[in-house]
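Analysis of the macromolecular model
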Amino acid sequence: MKYNVLLLGNGGREHAIAWKLSQSEKLDTLYIAPGNTGTRQYGINVNIDLLDFEAVAKFTEEHDIELVVVGPEKPLVEGIKDFLEKKDIPVFGPGRKAALLEGSKEFAKNFMVKYDIPTADYEVFAASDYDDALKFIQLRDIYPVVLKADGLASGKGVFICYSEEEVKQQLIAIKKDPVLSAAASRLVVEEFLQGEEASVFVLSDGHTFHILHNAQDHKRAGEGDTGPNTGGMGCYSPAPVVSDEVLQEIKEKIINPTITGMQLEEAAYSGVLYVGLIITGNGPKVIEYNCRLGDPECQVILPSLNNDLLDLMLSTTQQTLDEKTIQVDSVYRCCVVLASGGYPGSYQKGLEISGLDSVDPSLLIFHAGVEEKDNRLITSGGRVLNVVGSGATLKEAIDHAYSEIHKISFENLYYRKDIGFKGLQRF
Ligand code: AMP
Ligand code: GLY
């Protein structure tokens, strides 16, 4: 049987998902809403707002869609799965309550405490009690301290403060920013964890889970992990910090209790669970859960997967994941994000992109913020392109990823030159 699929999203992640789905023997027609210049190579881009659930449902009914694959977190947190499943449309991704693992940091923290899942110590304060939050931090008197907005903030809701003064300034800045203050109507004050960061990606049908792969993201804009947080400036996979021993501990102490805990909460988790971790001296601890694939981590994880992605996705909605095994290759991959100068602050759009055709086809190029105008490709976002290199060693993968970037150009192109540096230090 072949399936018509509707993929929601328009970033580099969705280009990678579309690319991988297009290789499936089970795929009939792929539609992408809204998609981008990358996804249209593999399917039909359709202009639907992915938060307009009625419009999504109408399209799925009119085009015999048999699976909706949700790329970004927002529709999941807003309950697209619950909405579409009432109309018998299967959705790859968690339902509203399960997506709270990403949608509410307070929910995630309370859940982890309840099920004894290792995480940073924390307290939660209401926006009306920010003075109490400050008093708590002053009494605690340990810096750095981490402030986190409870709700979704597009990766911009986490602040690491190195002094009381910084905490005060940050609290004022949160109150002033309308988007942030809405996300921070509840504020989590969290212990700062020392250690290296890594992400583990899990596929679950609510009962059975399999580990897809692991990666390390580079969230800061500047080299050496400095500067403001971004959506991610590059990543590599696998991350040597996730040794077999560490992975075993993550499985036993974190993933297993998360999947069984969510069953007990009557919110069985189906889809991809992204577990963000810090590997501390006392073992791995969770710093965040996300209810979807990472962007740009997806761009290094999916190329390593030998399975048919659509077959795996269907087995999560059909709850047959126990019949599957995950096959990933043993190749290293490195993804470098080409961004518009200024990102994550203000940046220009509409800049002409050139040179993509001359890049060696052994590199994978995924489009993120790219549009077409008058037969030319132009920039339309902060993160513009993802260049993915591969190799038998991490060093080879990194060198491969960087080897042809000089051929690509647009005004004010910026990228980090040190993606993978922490991984290299481990060899
Ligand atoms: P998030 O938006 O939750 O991914 O957090 C952004 C970044 O803040 C993470 O990638 C970490 O580098 C850092 N971070 C978050 N929580 C902690 C913590 N408890 N200790 C140390 N670093 C953290
Ligand atoms: N790259 C981080 C994220 O997708 O949340």
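First, a word on what this report is: a plain description of the structure on this page.

Here helix α12 (residues 309-317) lies mainly inside the structure; 8 of its 9 residues are buried. Every buried residue of α12 is accounted for by L309, L310, D311, L312, M313, L314, S315 and T316. For α12, the capping residue at the N-terminal end is D308, with a side-chain oxygen 3.0 Å from the backbone nitrogen of L310. Q319 lies just past α12 and shows a positive phi near 55°.

Using the criterion set out here, one finds 11 aromatic pairs in the structure. Here F125 and F136 contribute two aromatic rings whose centre-to-centre distance is 5.6 Å and whose plane-to-plane angle is 50°, an arrangement assigned as tilted. Placement of F125 in strand β6 (residues 122-126) and of F136 in helix α7 (residues 130-140) is noted, with a sequence separation of 11 residues between them. Pairing Y402 with Y415 gives two aromatic rings, centres 6.1 Å apart and planes at 40°, and the pair type is tilted. Here the residue Y402 occupies a position in helix α13 (residues 394-402), and Y415 occupies one in the loop between β22 (413-414) and α14 (421-424), the gap between them amounting to 13 residues. Per residue, the accessibility class of Y402 equals that of Y415, and both read buried. Linked through ring pairs, F107, F111, Y115 and Y289 together constitute an aromatic cluster. Its guanidinium or amino end placed over the ring of Y415, K417 lies 4.3 Å from that ring's centre, counting from NZ or CZ.

The 5 strands lie next to each other as β3-β2-β1-β4-β5, forming an open sheet whose pairing is parallel. Of all the strands in the sheet, the pair left with one neighbour each is β3 (44-45) and β5 (91-92). By the bridge criterion, 4 bridges tie strand β1 (residues 3-9) to strand β4 (residues 67-70) in an arrangement that is parallel. Residue pairing for β4: L8 is matched across the bridge by V70.

With that settled, consider the pairing of strand β11 (residues 209-217). Buried residues dominate β11, accounting for 9 of its 9 residues. Here strand β10 (residues 196-205) runs beside β11; their pairing, made up of 6 bridges, is antiparallel. Across the sheet, residue V200 finds its bridge partner in β11, namely N214. In the sheet, β11 pairs with strand β14 (residues 234-237) via 2 bridges, with the strands oriented antiparallel. Across the sheet, D217 pairs through a bridge with C235, a residue of β14.

The next subject is the pattern of salt bridges. A side chain with one charge may pair with a side chain of the opposite charge, provided their charged atoms come close. What the rule picks out here adds up to 26 salt bridges. Residues K114 and E265 are paired through a salt bridge, measuring 2.7 Å at the closest nitrogen-oxygen approach. With K114 in helix α6 (residues 105-114) and E265 in the loop between α10 (244-264) and β15 (270-280), this residue pair connects regions lying 151 residues apart in the sequence. K114 gets classed as exposed once you look at its relative accessible area, which sits at 56%. Residue classification places E265 among the buried positions, given a relative accessible area of 17%. Residues joined in a network through salt bridges with shared partners are E197, D217, K219 and E288.

A word on the sheet that holds strand β9 (residues 186-191). Spatially, β6-β9-β7-β8 is the arrangement adopted by the 4 strands of the open sheet, whose pairing is antiparallel. The open sheet is flanked by β6 and β8 (158-161), the only strands paired with a single partner. Across the sheet, the mean angle from the axis of one strand to that of its neighbour is 20°, orientation sign disregarded. Across 5 bridges, the pairing between strand β7 (residues 145-149) and β9 is antiparallel. The partner of V145 across the bridge, within β9, is E191. Contacting β6, β7, β8 and β9, α6 runs over the sheet at an angle of about 45° to β9. The sheet contacts of α7 involve β6, β7 and β9, and relative to β9 the element is tilted by about 5°.

Rules behind the numbers
Residues numbered from 1 in each chain as written. Chains lettered and ligands numbered in written order. Predicted model: local features only at pLDDT ≥ 70, side-chain atom pairs only at ≥ 80, totals over all residues. Heavy atoms only, no water. Buried < 20%, exposed > 50% of the residue type's maximum accessible area, 1.4 Å probe, protein only. Helix = DSSP H or I, 4+ residues; strand = E, 2+ residues; numbered from the N terminus. Polar contact = N/O pair within 3.5 Å; in protein donor to acceptor, adjacent residues only side chain to side chain. Phe/Tyr/Trp six-rings, centres within 6.5 Å; stacked < 30°, edge-to-face > 60°. Lys NZ or Arg CZ within 6 Å of the ring centre and 35° of its normal. Pairing = 2+ DSSP bridges. Salt bridge = Lys/Arg side-chain N within 4 Å of Asp/Glu carboxyl O. Axes fitted to C-alpha atoms, helices over the stretch in contact; angles between N-to-C directions. Contact = heavy atoms within 4.5 Å.

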